[in-house]
Amino acid sequence: MAQWEKVKSLPPQSLSELYPTEFPMEVRYYLASWIEEQPWEEFNVDDPSQEAQALQLLEQIISFLQGIAQQNANVVERLRLQHIGAKMSEFQSQPLLLVKTVQNILRKERDLLSQMSITFHQNPPQQPCPPAPSPLGAASPGREDRSQALAMWIMKVTKIREESHLLKGEMLRIQESELPEQVKKTQIQQMEFNGQALSLKRFQLLQEAVHSLNQCQIHHLHKIQTWRRDQHLATIGGAFSEDLGPLQTWCEHLLGANMKLREEVLLAGRDCGGTETIQECQKRLDLLLQTLIQSSLIVDKQPPQVVKTHSKFSTSVRLLLGEKMAPGRPVHLKAQIVTEVQARNLVQMGAMPAENVGELVSNTAIMEHNASNKSTCAIFRNMCIKKIKRADRRGSESVTEEKFAIHFSGDVVLMGCELPCKVQTLSFPIVVIVHGSQDINAMATIIWDCAFSDFDRVPFVVPDRVPWKQMCMTLDNKFMSEVQTQRGLDAYNHHFLAQKIFNKPEYKENFSNMLVSWSQFNKEMLSGRTFTFWQWFDGVMELSKKHLRYYWSDGLISGFIGKQHLHVILQDRPNGTFLLRFSDSEIGGITIAYVAQTENGGRRVQNIQPFSKKDLEIRCLGDRIRDIEAITHLYPNFPKNEVFQKYYTDEQRMEGRGYIGVSIRTKVEDTTAHPPLDPQQEITLAPSLSPYPPDNVYPPEAPPPQPDPSIFYPGQQPPYQNDTGGAFVPYSGPFTDPEGNSIFSTTNTTPSPGPSLHDMDLEFPMLDPDMYGVPPVTMTTIGSPLDQTKTNSASKF
């Protein structure tokens, strides 16, 4: 605050020129200490990676302004501060612009002070501005300083009270003494004058002490709000510490200070009379106490944010002032499900929900104290939403977009307080579903709500559009959290995701400032697909979490990359070079793109049919890569047997147990003999071509290749003829394409008696040529000479 102490003495005209309209001088005035403590100069405003830190500073500024406004008795000034806080929210789309603005202001202040230093020394201002009240208290650098400042004020109040009592005792002694009447009268008059001065000073100190308590409490409530915000952001992978111990200690400290000052105010009223100052202090302390008790009720274990009806769940509510509860007065909490409108009315107007919109089972609990960690919690076990009443939906809004919350309420009596205080709090928004198929869309609503809601919003308002760079951070954090990896998405991944969500596959510019809508995120189907962006992205996370975490963490998967970019990076690579990318044509698939030789000696990029979660449950990705002989080096030039060696598994043999060993192999069909049916899936490489693939690699006059009659495809009867030349045997086990439609199937069958089979290979091409046009992947079962023959059921690879 040292710089502001000098700046505030500058001429008014110079001051007004320092601060632009987007950063009013009031912000500098009220947050003087805090602003000068922040590391503004350490920011690189051209580095997008620092936007998250800049956004945190902006949220703190808005929160401080709102807190100061709420505590301000002047209506006009309170409205002005609220307006400024709303104005500062405009920086949310460009938080680094805020940093740049503050950097410029502080630099201009220093330059102006340097230029006018001589003038100030010669002509100091006669009536400087009053000290700027800091939102962090009289001593703003840290918690200890604020605590010490509050303790100092209380000590001064106590000391002056003792001085007043000593003065009254001295006056009584003089009155009872045998001093001459005139001397006695003179001394008593002097003491009465001193007593009046002490009373006035006592009132002033009480006001200062209450103000100091108010500033400490504002800062502490901001800490509680920050903890709740971090708890909310943990949904999308934000860092979060569940430890509420420090916050509980501060709540107890503030309660003790409030009780002490209430006692001092009562004593001052008794000693000096019920003046207007005493009444004002009493009202402020009552309000501070009520706010503190109300804010100390926290949902420390949130309910699941997607809740299925008739499914049991649990949640926990903690009272940070639990150790101060009056003995023998148990606190009963009740839970009630509320709609978004009811939650809004509760926060804005304090209106308790009158209508019951859902039947909540096991909705009461008693606050219980845990001596081991000094916590007092009400644990709601086996809660269940039995019924739910839906609101009238607008337009195309679905049930998975409707947000509810759980409202907790009860009455608390603290030691030293005669009357109970009503406490209540809300859970984070929840989405109620009735079927598991709604889970992914419901989670999309929760992700959007968590990532893009304001720090102090009206429940549960969220923007309909957000900058793509904010969406990037959300997807990055969610992916790392869900997959449990430290490797995030790179710039190429972000660009491909933007191309996909905006349906701009040819766009090569920066997407950062483009606005992405909720509809693009999870309402509109992706171009040419039957699923939304979030459904596709969630499928990738689910596959990666279960089967690809370590491959991804080791940097072996390129991940989100388009076919055009794929062509550019593979066009000069030798045959057998491959990379791993997430399928963009189906949900939850990973494919291998590799450089292969064409029939005429050229080269082309081919994409193997994607492997799904079920595929990788049968045979892991590492073993599949080992099986495919056509791929030899991971891009750019890593021998596959070196980088994937640790992912290879030992084959499990059954010899010695009375069985003949059987192993499973992944096999890619030779496409030089049977080219892919969809030419757009095969990109011919030629050094003279454009860096992007042509629309059609086949000449206009040449018809696409026809299916080879030696290979059967979906829609045909899959043939099998036994060694004895018997009739064709059909298969009847389930096989599905990426959309879940049955393609064909096999079943265990015992052929008619005949000669034994030797090293029999059963090849079943797993290919939907209309969707992929990719090399067919087959299952090959390899065994030793069999005494008894059987056909093994196959699975799609």
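Student: Explain the overall build of the chain here, please?
Tutor: Counting secondary structure elements, the chain contains 22 helices and 21 strands. Burial status across the chain gives 48% buried among its 797 residues. For the chain, the proportion of contacts with a sequence separation of at least 24, taken over those separated by at least 6, is 69%. Working note: accessible area of the chain is about 39400 Å², and carbon and sulfur atoms make up 51% of it.

Student: For this particular structure, what's the right way to read the packing of helix α15 (residues 468-483) against helix α18 (residues 533-553)?
Tutor: The angle between the axes and the distance between the axes are what describe a pair of packed helices. The contact between α15 and α18 brings their axes to 8 Å, and the two run at 45 degrees. With respect to their mutual orientation, α15 and α18 come out oblique. Crossing handedness for the pair α15 and α18: right-handed. Of the residues in α18, those touching α15 at L475, K478, F479, E482 and V483 are F533, W534, F537, V540, M541, S544, K545, R549 and W552. Residue composition of the contact of α15 with α18, grouped by class: nine nonpolar, one polar and four charged.

Student: Explain the pairing of strand β4 (residues 332-339) to me, please; I cannot follow it from the model alone.
Tutor: Each regular strand carries side chains that alternate between the two faces of the sheet. Across the eight residues of β4, six count as buried, placing the element largely inside the fold. Here β4 pairs with strand β6 (residues 364-366) via three bridges, running antiparallel. Its bridge partner being in β6, L333 is matched across the sheet by A365.

Student: Sorry, what's going on with the packing of aromatic side chains here?
Tutor: Any pair of aromatic rings gets described here by the distance separating the centres and the angle formed by the planes. In the structure shown here, the tally under the stated rule is 29 aromatic pairs. Taken together, a centroid distance of 5.2 Å and an interplanar angle of 50 degrees make the contact between F380 and F408 tilted. Of this pair, F380 sits in strand β8 (residues 375-388) while F408 sits in strand β9 (residues 404-412); the two residues are 28 residues apart in sequence, bridging distant segments of the chain. Ring plane angle 70 degrees and centroid distance 4.8 Å describe the contact between W448 and F452, whose orientation is recorded as edge-to-face. Pair noted here: W448 and F452 are both in helix α14 (residues 439-452), with a separation of four residues, about one helical turn. Judged on exposure class, the residue W448 and its partner F452 are both buried. For R487, the ring lying beneath its charged end belongs to W552, and the centroid distance is 3.8 Å. In this structure, K504 is placed above the aromatic ring of Y507, and the distance from its NZ or CZ to the ring centre is 5.9 Å.

Student: Is there a simple way to explain the nonpolar core in this structure?
Tutor: Considering soluble globular proteins, one finds that nonpolar side chains tend to be buried as a cluster. Core analysis: the biggest nonpolar cluster contains 70 residues, and M367 and F380 have the highest contact counts within it. With 13 residues, helix α10 (residues 181-233) is the single largest residue contributor to this core. Residues contacting F380, with those up to four places away along its chain left out, are F313, S314, T315, V317, L333, A335, S362, N363, T364, A365 and F408. I236, W448, L621 and V668 belong to the second largest nonpolar core, which has 58 residues in total.

Student: Even after reading the chapter, I still don't get the sheet that holds β4, so can you show me in this structure?
Tutor: Strand-to-strand pairing in sheets goes through backbone hydrogen bonds, with the strands running parallel or antiparallel. Spatially, four strands are ordered β6-β4-β9-β10 in an open sheet, and the strand pairing comes out antiparallel. Two strands bound the open sheet, and with one partner strand each, they are β6 and β10 (421-426). Geometrically, the sheet is characterised by an average inter-axis angle of 25 degrees between neighbouring strands, direction not taken into account. Here β9 pairs with β10 via six bridges, running antiparallel. Counterpart to V412 in the pairing with β10 is C421. Along the sheet face, helix α13 (residues 340-349) touches β4, β9 and β10 and points at about 125 degrees away from the line of β4.

Student: Sorry if this is basic, but what is going on with the side chain of Q499 here?
Tutor: Here Q499 shows up in helix α16 (residues 491-502). Contacts of Q499, omitting those with residues within four sequence positions, involve K504, P505, Y507 and F511.

Student: How should the environment of Q204 be read in this particular structure?
Tutor: Following the sequence through the fold, Q204 ends up in helix α10. By relative accessible area, which is 43% here, Q204 ends up partly exposed.

Student: Sorry if this is basic, but what is going on with unusual backbone geometry here?
Tutor: Across residues other than glycine, the phi torsion is negative in most instances, and most of the peptide bonds are trans. Note the cis peptide between P459 and F460, where omega equals -20 degrees. Topologically, F460 is positioned in the loop between α14 and β12 (465-467). Cis geometry is adopted by the peptide bond preceding P636, which originates at Y635 and carries an omega value of 5 degrees. Within the secondary structure, P636 is located in the loop between β17 (633-634) and β18 (638-639). Not every positive phi belongs to a glycine, and H310 is a case in point at roughly 70 degrees. If you trace the backbone, H310 turns up in the loop between β2 (306-308) and β3 (313-319).

Student: Teacher, can you tell me more about the packing of α14 against α18 here?
Tutor: Contact pair α14 / α18: the axes reach a minimum separation of 10 Å and the direction vectors enclose 100 degrees. On the basis of their axis angle, the class for α14 and α18 is roughly perpendicular. Note on element contacts: α18 touches α14 through W534, Q535 and D538, opposite I440, N441, M443, A444 and I447. Looking at the contact of α14 with α18 residue by residue, the class counts come to five nonpolar, two polar and one charged.

Student: Please explain the pattern of salt bridges as it appears in this structure.
Tutor: Per the counting criterion, the structure on display carries 29 salt bridges. Overlapping salt bridges, with partners in common, bring together K478, E482, E542, K545 and K546 in one network.

Student: Just checking my understanding: could you explain the pairing of β3 for this structure?
Tutor: Counting buried residues in β3 gives six out of seven residues, a clear majority hidden from the surface. Summarising the sheet, strand β1 (residues 297-301) and β3 pair through three bridges and their orientation is antiparallel. Residue pairing across strands places I298 opposite R318, the latter belonging to β3. As paired elements, β3 and β8 share five bridges and run antiparallel to each other.

Student: Before we go on, may I ask you to explain the environment of I631 in this structure?
Tutor: Its location among the elements puts I631 in the loop between α21 (621-627) and β17. With a relative accessible area of 0%, I631 lands in the buried category. Taking the C-alpha atoms as reference points, I631 and A593, separated by 38 residues in sequence, lie 9.2 Å from one another. Those residues in contact with I631 that lie beyond four places of it in its chain are G576, F578, I592, Y594, I625 and K640.

Student: What is the right way to look at the state of the cysteines in this model?
Tutor: Any covalent bond linking the sulfur atoms of two cysteines counts as a disulfide. Per the counting criterion, the structure on display carries zero disulfides. C417 carries a free sulfur, and the closest cysteine sulfur to it, the one in C421, is 8.1 Å from it. Residue classification places C417 among the buried residues on the basis of a relative accessible area of 19%.

Student: Would you mind showing me how to read α16 here?
Tutor: Owing to its 3.6 residues per turn, the α-helix aligns residues three or four sequence positions apart on the same side. If you check α16, its first and last C-alpha atoms are 16 Å apart, about what twelve residues at 1.5 Å a residue would give, namely 16 Å. The buried fraction of α16 is high, at nine of twelve residues. Residues N493, H494, F496, L497, A498, Q499, K500, I501 and F502 constitute the buried set of α16. With a side-chain oxygen lying 3.1 Å from the backbone nitrogen of Y492, the N-terminal cap of α16 falls on D490. Trailing α16 by a residue or two, N503 shows a phi angle of about 55 degrees, which is positive.

Student: Just checking my understanding: could you explain the environment of Y492 for this structure?
Tutor: Tracing the backbone through its elements, the reader meets Y492 in helix α16. The sequence separation of Y492 and I561 amounts to 69 residues, and the corresponding C-alpha distance is 7.0 Å.

Student: Looking at this structure, how should I read the side chain of Q470?
Tutor: Among the structural elements, Q470 can be located in helix α15. Those residues in contact with Q470 that lie beyond four places of it in its chain are Q92, S93 and F452.

Student: Help me out: how do you make sense of the confidence of the model for the chain in this one?
Tutor: Any residue range with low pLDDT should be treated as having predicted coordinates unsuitable for detailed reading. On average, residues of the chain score 79 in pLDDT, and 77% of them reach the 70 mark or higher. Predicted confidence for residues 677-773 stays below pLDDT 50, and this span has 201 contacts to residues more than four positions away or in other chains. Contacts of residues 781-797 to residues separated by more than four positions or lying in other chains number 66 contacts, the stretch itself having pLDDT below 50.

Parameters at a glance
- Residues numbered from 1 in each chain as written.
- Predicted model: local features only at pLDDT ≥ 70, side-chain atom pairs only at ≥ 80, totals over all residues.
- Heavy atoms only, no water.
- Helix = DSSP H or I, 4+ residues; strand = E, 2+ residues; numbered from the N terminus.
- Buried < 20%, exposed > 50% of the residue type's maximum accessible area, 1.4 Å probe, protein only.
- Contact = heavy atoms within 4.5 Å.
- Areas by Shrake-Rupley, 256 points an atom, 1.4 Å probe, with all protein chains shown as cover.
- Axes fitted to C-alpha atoms, helices over the stretch in contact; angles between N-to-C directions.
- Parallel < 35°, antiparallel > 145°, perpendicular 65-115°, else oblique.
- Left-handed = near helix turned anticlockwise from the far one by under 90°.
- Nonpolar A, V, L, I, M, F, W, Y, C, P; charged D, E, K, R; others polar.
- Pairing = 2+ DSSP bridges.
- Phe/Tyr/Trp six-rings, centres within 6.5 Å; stacked < 30°, edge-to-face > 60°.
- Lys NZ or Arg CZ within 6 Å of the ring centre and 35° of its normal.
- Core = buried A, V, L, I, M, F, W, Y, C linked by side-chain atoms within 4.5 Å.
- Salt bridge = Lys/Arg side-chain N within 4 Å of Asp/Glu carboxyl O.
- Disulfide = S-S within 2.5 Å.
- Expected span 1.5 Å × (residues − 1).
- Polar contact = N/O pair within 3.5 Å; in protein donor to acceptor, adjacent residues only side chain to side chain.
- pLDDT = per-residue confidence, 0-100.

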